[in-house]
Amino acid sequence: MATLIKNAALITASETFEADLLIEGETISLIGKNLQRPGAQIIDASGKFITPGGIDPHTHFDLPMFGTVSSDDHYTGHKAAAFGGTTTVMDFVVLEDKGFRYSVDLWMEKAEKAAIDYSFHMNLTQFNEKIAKEIPSLRGMGITTLKVFTAYNGRLRIDDGSIFKALRIAKENGMLVMAHCENGDVIETLVTDALMTDHLTPEWHALTRPAWGAVESTLRVAGMASAADAAVYIVHMNAGGEVDMLRYARERGVKVMGETCPQYLFFTIDHLRRPDGAKWICSPPMRTEADNARLWQGLADGTIQTVGTDHCPFFFDGTRPIVYEGREVAIPGKELGADDFTKIPNGLPGVQDRMPILWTYGVRAGRITANQFVAYMSTNPAKIFGLYPRKGALLPGSDADLVIWDPEKKVKYGVAMSHHRTDYNLYEGWELTGYPEKVFLRGQLIVDGEQWLGKAGDGQFLKRGEGRVL
Ligand code: DUC
Ligand code: ZN
Ligand code: ZN
């Protein structure tokens, strides 16, 4: 089956040009002017533009936390992603005591219902000699990335010495360490103080996780990467100072890359002070307007390489069901911490929002170019995480993961438009101009306007190879 898309403006990470694009089977077979293909289904995309399908390098579907679970699973989250133009997601495997193989198998089982393509990162939340020896075996499972934490003492954090050893092992085995940067010791003490002094409202989530912890640990991790001659990728950059540290280290030849997320570009600690402030609780927390601005600047000048979401939704009120695909669903959520911010599940929805929100408030607002948009949303994640040029590219031979955008479509965004399985949306009432109209996954039309044509089980696990340092 062939599909010929005519007269679209194609936007890649480096250029924008008018052309026709032919899909044959699962891949793009030709790009050029005045293409003909007898028998092909023709789509006239005059006035529309095409980008590669988005790649969200940072999601948490079906993640157990605080006695509940993130409310999107590997089907509902994938469906939401697709409506927002994302066709590949990368989720984090929880490391169980029984080891890597067991943990990956568990995550594979959860993801059998995948509706778009996906791959995994491994949370390296334990470290000893046995684990160190087993890290290279992850490559055989198609996992080439390890996430380490400098926070969550006694739970997810491993010490700096172990992070340094992990960086060395990653370097020797063509793998990449991803780092969650906050100061776990400072947080531990500040949270204890807050609880003892009855400071229990959501804003204290942010006040007990200071930006300086993110800044110094970003530099600390970059310093360790330099000493190991390894690359490192800083996830969910949230503080302006982290951008300064990234720039400082990159200017000195350290192979450090960074990801930010939409929530850190638009929201501040003031959102946590609202009566519904729990909606904005995630870790790291929201900062200030100056941080928003510095992160935008980091995207505009290319200091930062990607925009992921850290999508990890919970219901705001998990006692009240919503209707999802015709059935009532309620999953315990933020209300669990109504009286104590330390019990509010950490995380927010965002996998559908990322591209449409950044198109209007990034590209149309003049903060980043359309080509940077494609680089941060798709091409750079594909390159860094070893999927390029199969993914993240508009090239003959690449998977036909495409988004046809209607640049003039105006929508009032919010929970009613969103397919996230949760009861709120952070961008409620935001006006958007430009929205995905058709989304293709490996040549299959999976979103057509409001219509969902995708299917649970159609997403493929992507075994990844070695990525590039950008
Ligand atoms: N932060 C969150 O807010 N949720 C999930 C994991 C993370 O790092
Ligand atoms: Zn994290
Ligand atoms: Zn995360």
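Residues numbered from 1 in each chain as written. Chains lettered and ligands numbered in written order. Predicted model: local features only at pLDDT ≥ 70, side-chain atom pairs only at ≥ 80, totals over all residues. Heavy atoms only, no water.

Student: Any details on the overall build of the protein? Residues and values, ideally.
Tutor: Helix and strand counts for the protein come out as 14 helices and 21 strands. A compact globule built from 470 residues should have a C-alpha radius of gyration of about 23 Å, and the protein, at 21 Å, falls within 12% of that. Dimensions of the protein, computed from the C-alpha atoms along their principal axes, are close to 70 × 50 × 40 Å. Going through the 470 residues of the protein one by one, you find that 62% of them count as buried. Restricting the contact set of the protein to residue pairs at least 6 apart, pairs at least 24 apart contribute 76%. Carbon together with sulfur atoms contributes 51% to the accessible area of the protein, which is approximately 17,500 Å² in total. In the protein, 49 positive and 59 negative side-chain charges are present, and the distance between their average locations comes to 4 Å. (Helix = DSSP H or I, 4+ residues; strand = E, 2+ residues; numbered from the N terminus. Rg over C-alpha atoms; globule rule 2.2 N^0.38 Å. Buried < 20%, exposed > 50% of the residue type's maximum accessible area, 1.4 Å probe, protein only. Contact = heavy atoms within 4.5 Å. Areas by Shrake-Rupley, 256 points an atom, 1.4 Å probe, with all protein chains shown as cover. Lys, Arg positive; Asp, Glu negative; His and termini not counted. Charge placed at Lys NZ, Arg CZ, Asp CG, Glu CD.)

Student: Now, about the coordination of the zinc ion (ligand 2): what can you tell me, with residues and values included?
Tutor: The protein atoms that coordinate the zinc ion (ligand 2) are Lys147 (NZ), His180 (ND1) and His236 (NE2), at distances spanning 2.1 to 2.2 Å. Geometry at the zinc ion (ligand 2) is tetrahedral, judged from the 4 donor atoms that bind it and their angles of 87 to 128° at the metal. Of note, the zinc ion (ligand 2) draws all its donor residues from one chain, in the sequence arrangement K-x32-H-x55-H. A separation of 3.7 Å is found between the zinc ion (ligand 2) and the zinc ion (ligand 3). Linking histidine 180 in strand 12 (residues 176-180) with histidine 236 in strand 13 (residues 232-237), this pair joins segments that are 56 residues apart in sequence. (Donors = N, O, S within 2.8 Å, 3.2 Å for Na, K, Ca; no water. Tetrahedral: all angles 85-135°; square planar, octahedral: opposite > 155°, others 65-115°.)

Student: Describe the packing of helix 9 (residues 240-251) against helix 12 (residues 289-300), listing the residues and the values that go with them.
Tutor: At a minimum axis separation of 7 Å, helix 9 and helix 12 run at an interaxial angle of 30°. Residues Gly240, Gly241, Val243, Asp244 and Arg247 of helix 9 lie in contact with helix 12, whose contacting residues are Asp291, Arg294, Leu295 and Gly298. Taken together, the residues that form the contact of helix 9 with helix 12 break down as 2 nonpolar, 3 polar and 4 charged. (Axes fitted to C-alpha atoms, helices over the stretch in contact; angles between N-to-C directions. Nonpolar A, V, L, I, M, F, W, Y, C, P; charged D, E, K, R; others polar.)

Student: Can you lay out the pattern of salt bridges for me, pointing to particular residues and giving the numbers?
Tutor: Under the defined criterion, the tally for this structure stands at 33 salt bridges. Here aspartate 160 makes a salt bridge to arginine 220, at a shortest N to O gap of 3.1 Å. Placement of the pair is aspartate 160 in helix 5 (residues 160-172) and arginine 220 in helix 8 (residues 211-228), with a sequence separation of 60 residues. On the basis of relative accessibility, which here comes to 22%, the residue arginine 220 falls in the partly exposed class. The closest approach of N and O atoms between arginine 294 and aspartate 244, which form a salt bridge, is 2.7 Å. In this pair, arginine 294 sits in helix 12 while aspartate 244 sits in helix 9, placing the two residues 50 residues apart along the sequence. Residue arginine 294 is classed as buried on the basis of its relative accessible area, which comes to 15%. Taken together, the shared-partner salt bridges in this structure form one network comprising Glu26, Asp117, Arg390, Lys391, Asp399, Asp401 and Arg442. (Salt bridge = Lys/Arg side-chain N within 4 Å of Asp/Glu carboxyl O.)

Student: Hey, could you go over the coordination of the zinc ion (ligand 3) for me, with residue numbers and the actual values?
Tutor: Taken together, His58 (NE2), His60 (NE2) and Asp310 (OD) make up the protein donors of the zinc ion (ligand 3), found 2.0 to 2.1 Å from the metal. Mapped onto the polypeptide sequence, the residues donating to the zinc ion (ligand 3) form the spacing pattern H-x1-H-x249-D. Judged by its relative accessible area of 0%, histidine 58 falls in the buried class. Note on aspartate 310: relative accessible area 9%, which makes it buried.

Student: Quick rundown of the site of ligand 1? Include the residues and the values.
Tutor: Looking at ligand 1, the residues that line it are His60, Met65, Lys147, Tyr152, His180, His236, Cys282, Ser283, Asp310, Cys312, Asn346 and Gly347. Here serine 283 contributes a backbone N or O atom positioned 2.8 Å from a nitrogen atom of ligand 1. Using a 2 Å cut-off from the grid points, one finds that ligand 1 occupies the largest pocket. Of the residues contributing to the shell around ligand 1, the split by class is 4 nonpolar, 6 polar and 2 charged. (Near = heavy atom within 4 Å. Polar contact = N/O pair within 3.5 Å; in protein donor to acceptor, adjacent residues only side chain to side chain. 1 Å grid on protein atoms, 1.4 Å probe; cavity = no way out; pocket = protein on both sides within 12 Å on 5 of 7 lines; lining within 4 Å. Sits in = over half its atoms within 2 Å of the grid points.)

Student: Which residues make up the nonpolar core, and what values do they have?
Tutor: Residues Leu124 and Phe373 are the most contacted members of the largest nonpolar core, which totals 109 residues. By residue number, the principal contributor to this core is helix 14 (residues 370-384), which donates 6 residues. No fewer than three residues from each of domain 1 (3-51 + 392-420 + 427-452) and domain 2 (53-384) sit in this core. Counting residues in each nonpolar core, the second largest holds 15 residues, with Ala8, Ile23, Leu402 and Phe440 among its members. (Core = buried A, V, L, I, M, F, W, Y, C linked by side-chain atoms within 4.5 Å. Domains from an automatic or database assignment.)

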